[in-house]
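Now for the letters of each chain:
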Amino acid sequence: MSKKNELIQSVKGTRDLLPADTPLWQRVEDEARKVFEAYNYREIRTPVLEQTALFARSVGSDTDIVTKEMYTFDDRDSGSLTLRPEATASVVRAYIEHSLYNEPGIQKLYYFGPMFRRERPQKGRYRQFYQIGAEVLGGDHPAIDAEVLEMLALLLERLGLKEFKLLVNSVGCSKCRPEYLKVLRKSLDEVKSRLCEDCQRRSNTNPLRVLDCKIEADQPIIEGLPKIIDHLCPECRQHFDAVTMELKQRGVEFEVVPRLVRGLDYYTRTTFEITSGLLGAQNAVLGGGRYDGLSEMLGGPPAPGIGFAIGQDRLVLTVEAASSLKPAQPLAAYIAWMGEATREAATMLARELRRERIGTEISYHPIKLRKAMGAASKLQVRYAIIIGEQEVESGNYQVKDMGTGEQQSVSAGEIAGFLKEKLREPAPAASPVAGQQ
Ligand code: AMP
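Along each chain, residues carry numbers from 1 onward, in the same order as the chain's sequence is written. Confidence filtering applies because this is a predicted model: local features only for residues at pLDDT of at least 70, side-chain atom pairs given and counted only at 80 or more, and all residues used for totals across whole chains, interfaces and linings. With hydrogens and water set aside, each side-chain value is computed from the structure's full complement of heavy atoms.

Engineer: Where do I start with unusual backbone geometry in this structure?
Structural biologist: Excluding glycine, most residues fall at negative phi; most peptide bonds, likewise, are trans. Even without being a glycine, Asn-5 presents a positive backbone phi close to 75 degrees. We count a stretch as a helix when DSSP gives it H or I for four or more residues in a row; a strand needs E for two or more, and each element gets its number in order from the N terminus. Relative to the assigned elements, Asn-5 resides in the segment before α1 (22-38). In this structure, Arg-269 takes a positive phi of about 50 degrees despite not being glycine. Its location among the elements puts Arg-269 in strand β9 (residues 268-276). Exposure is judged per residue with a 1.4 Å probe applied to protein chains only, and the accessible area is read against the type maximum: over 50% gives exposed, under 20% gives buried, and values in between give partly exposed. Residue classification places Arg-269 among the buried positions, given a relative accessible area of 13%.

Engineer: Before we go on, may I ask you to explain the pairing of strand β3 (residues 71-74) in this structure?
Structural biologist: Direction of pairing for β3 relative to strand β4 (residues 80-83): antiparallel, over a ladder of 4 bridges. Across the sheet, Phe-73 pairs through a bridge with Leu-81, a residue of β4. We treat two strands as partners when DSSP finds at least two bridges between them. Between the antiparallel neighbours β3 and β4 lie 5 residues, among them Gly-79 with a positive phi of about 75 degrees.

Engineer: Is there a simple way to think about the sheet that holds strand β2 (residues 49-51) in this case?
Structural biologist: Sheet strands pair via backbone hydrogen bonds, and the direction of the pair is either parallel or antiparallel. With antiparallel pairing, the 3 strands of this open sheet are ordered in space as β2-β4-β3. Among the strands making up the open sheet, the edge pair consists of β2 and β3. Adjacent strand axes in the sheet meet at a mean angle of 35 degrees when their direction is disregarded. Fitted lines through C-alpha atoms serve as axes, helices being fitted only where they are in contact, and the angles separating the N-to-C directions of these axes extend from 0 to 180 degrees.

Engineer: Before we go on, may I ask you to explain the domain arrangement of the chain in this structure?
Structural biologist: It is common to give the size of an interface as the accessible area that goes away when the parts come together. Per the annotation, domain bounds derive from an automatic or database assignment of domains. Here the domain parsing of the chain yields domain 1 (3-176 + 232-322) and domain 2 (333-436). Centre-to-centre separation of domain 1 and domain 2, based on C-alpha positions: 46 Å.

Engineer: What exactly am I supposed to notice about helix α15 (residues 415-423) here?
Structural biologist: Side chains that are three or four residues apart share a direction in an α-helix, a result of its 3.6 residues per turn. Along α15, the residues classified as buried are Ile-415, Ala-416, Phe-418 and Leu-419. On an axial view of α15, the arc spanned by its buried residues comes to 165 degrees, and they lie on one face. Its buried side turned inward, α15 meets β12 (333-337), α12 (343-355), β14 (383-387), β15 (396-401) and β16 (407-411). Throughout, the arc means the angular range of directions from the helix axis out to the C-beta atoms. Any pair of residues with heavy atoms lying within 4.5 Å of one another is described as a contacting pair.

Engineer: Help me out: how do you make sense of the side chain of Ser-295 in this one?
Structural biologist: Following the sequence through the fold, Ser-295 ends up in helix α10 (residues 294-297). When its relative accessible area of 1% is taken as the criterion, Ser-295 is described as buried.

Engineer: Would you take a moment to explain the sheet that holds β9 for this structure?
Structural biologist: Read from one edge to the other, the open sheet built from 8 strands follows the order β1-β5-β6-β11-β10-β9-β7-β8, with strand pairing classed as mixed. At either end of the open sheet lies a strand with only one pairing partner, and these are β1 (42-43) and β8 (255-256). Here 7 bridges tie strand β7 (residues 164-170) to β9, and the two strands are oriented antiparallel to one another. Its bridge partner being in β9, Leu-167 is matched across the sheet by Glu-273. Sheet strands touched by helix α11 (residues 312-322): β6 (128-137), β9, β10 (284-290) and β11 (305-311). Its angle to β11, the strand with the most contacts, is close to 55 degrees.

Engineer: Help me understand the packing of α1 against helix α5 (residues 142-158) in this model?
Structural biologist: A pair of packed helices is captured by two measures, namely the crossing angle of their axes and the spacing between those axes. Here α1 crosses α5 at 145 degrees, and the two axes come no closer than 10 Å. Handedness of the α1/α5 crossing: right-handed. Where α1 abuts α5, its residues Glu-31, Ala-32, Val-35 and Phe-36 lie against Met-151, Leu-154, Leu-155 and Arg-158. Its residues assigned to classes, the contact of α1 with α5 comprises 6 nonpolar, no polar and 2 charged. Two helices that cross are described as forming a left-handed crossing if the nearer one is turned anticlockwise from the farther one by less than a right angle, and a right-handed crossing if clockwise. Residue polarity follows a fixed list, in which Ala, Val, Leu, Ile, Met, Phe, Trp, Tyr, Cys and Pro are nonpolar, Asp, Glu, Lys and Arg are charged, and the others, Gly among them, are polar.

Engineer: Even after reading the chapter, I still don't get the site of the ligand, so can you show me in this structure?
Structural biologist: For this description, a residue counts as near a given molecule or strand if any of its non-hydrogen atoms is within 4 Å of it. Taken together, 15 residues lie around the ligand, and Arg-117, Glu-119, Tyr-126, Arg-262 and Ala-284 are the ones closest in. One nitrogen or oxygen atom from the main chain of Tyr-126 is found 2.8 Å from a nitrogen atom belonging to the ligand. Any pair of nitrogen or oxygen atoms within 3.5 Å is treated as a polar contact; in protein, a donor-acceptor pairing is required on top of that, and neighbouring residues in sequence qualify only through side-chain atoms on both sides. Contact between the ligand and Ala-284: an oxygen atom at 2.8 Å from a main-chain N or O atom of the residue. Methods summary: accessible areas were calculated by the Shrake-Rupley approach with a probe of 1.4 Å, and residue burial reflects only the protein chains presented. Within the complex, the protein chains bury 92% of what would otherwise be the 480 Å² of accessible surface of the ligand.

Engineer: I'm lost on the nonpolar core in this one. Help?
Structural biologist: In these notes, a set of buried Ala, Val, Leu, Ile, Met, Phe, Trp, Tyr and Cys residues joined through side-chain atoms within 4.5 Å is what counts as a nonpolar core. The biggest cluster of nonpolar side chains holds 96 residues, and the ones touching the most others in it are Phe-36, Tyr-41, Leu-152, Phe-272, Phe-308 and Ile-310. Sorting elements by how many residues they give to this core places α5 first, with 10 residues. Within the second largest apolar cluster, 21 residues are counted, among which are Ala-332, Ala-346, Ala-350 and Leu-353.

Engineer: Is there a simple way to explain the pattern of salt bridges in this structure?
Structural biologist: Oppositely charged side chains may form a pair once their charged atoms are brought near each other. By convention in these notes, a salt bridge is any Lys or Arg side-chain nitrogen within 4 Å of a carboxyl oxygen on Asp or Glu. Summed over all chains, the structure comprises 25 salt bridges. In this structure, Arg-237 engages Asp-241 in a salt bridge whose closest nitrogen and oxygen atoms are separated by 3.0 Å. Taken as a pair, Arg-237 and Asp-241 lie in helix α9 (residues 234-249) at a separation of 4 residues, close to a single helical turn. Relative accessible area serves as the criterion here: at 30%, Arg-237 is assigned to the partly exposed category. On the basis of relative accessibility, which here comes to 35%, the residue Asp-241 falls in the partly exposed class.

See below:
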């Protein structure tokens, strides 16, 4: 229990995104929305709380997520609930629950939102983090996989990012993976005593996960293990070849990484990850793959699917490190009014500009000109509008361009139109703002 008056801080591994941070988050979301919608994806919003069984069954009961990272609690009357650690399972649950499979064609869905995993916090790894993701349900054509990856490459390009790597692999299907697992188990029996403790356990419970191990000393041993890509059944091989061929046709650069198996159990065939050299140890910006059996695992009809989740926290860090997005447009206008007699005119102008979607600030008290110009500079607005008694009388207000220092008289009724016209021109590059104190 915290003592009375003791400062209560945010929970470990969670963080506040302050007004200085959110513009970048919003720009990333805007760009994602635009790109997804151009590919005919529609937004879905699912609850943050789900029945625990949903993740145990889909993500896999032997994964790190389910065994040690979920925030799970017994609700007062509805059994075990979990704060979602990822959203694919929720989207597929909603797809089944609302019979979206009855709608014509393939369903292309995207989502934004917070996920919760009790991991060890570090830069780029949080306990509440945010994902931007998408799922395509109802088709298994290799062109779908290629289109998903083309769309991701476009999104990163739109965010101005160049230094990323697309890694792809196939993890086979329920037909060929068990055969591969037998071969892998056999090889692991010979080497597992030399692997880390986790890998020794995984060798028995979930041998595929050994390939995911990040422990340095294990790497040469893992490199020598048989590769799933050499053990695909003819259908999976053909699917993978078609995906890589289409990627080449679409000009999407990629690298085949046979060890890429990903942490969740539901993946089949195509798996992928995008890493960025601009991030530190946590360099995966996004991950995803195909999950052709997931709908059936959750009690739904056969509905092959593929999807991805971008770690938004990391994407924002990458965009920041690359300084690839232009700074957001500053506020457009500041209204300075001098004396009670001008309050009404100034208030009405602020109301009008805001209704016209022109970002405007106004002082709440009458203000002296010099102070008003200081306030306008601090806000970095492009225009200050000065309203004194004389201006109210004449109906013409002073509009000052804060970049050039030029000032002109504009009739009150024309100010919105005047500003709109001017604001279409880009703001001058960060020249010292005239009038700055
Ligand atoms: P996953 O759902 O594990 O496939 O992860 C997809 C992406 O989400 C990763 O590539 C990361 O960018 C991001 N991610 C996963 N876990 C975390 C975390 N704890 N903190 C921040 N980002 C995360």
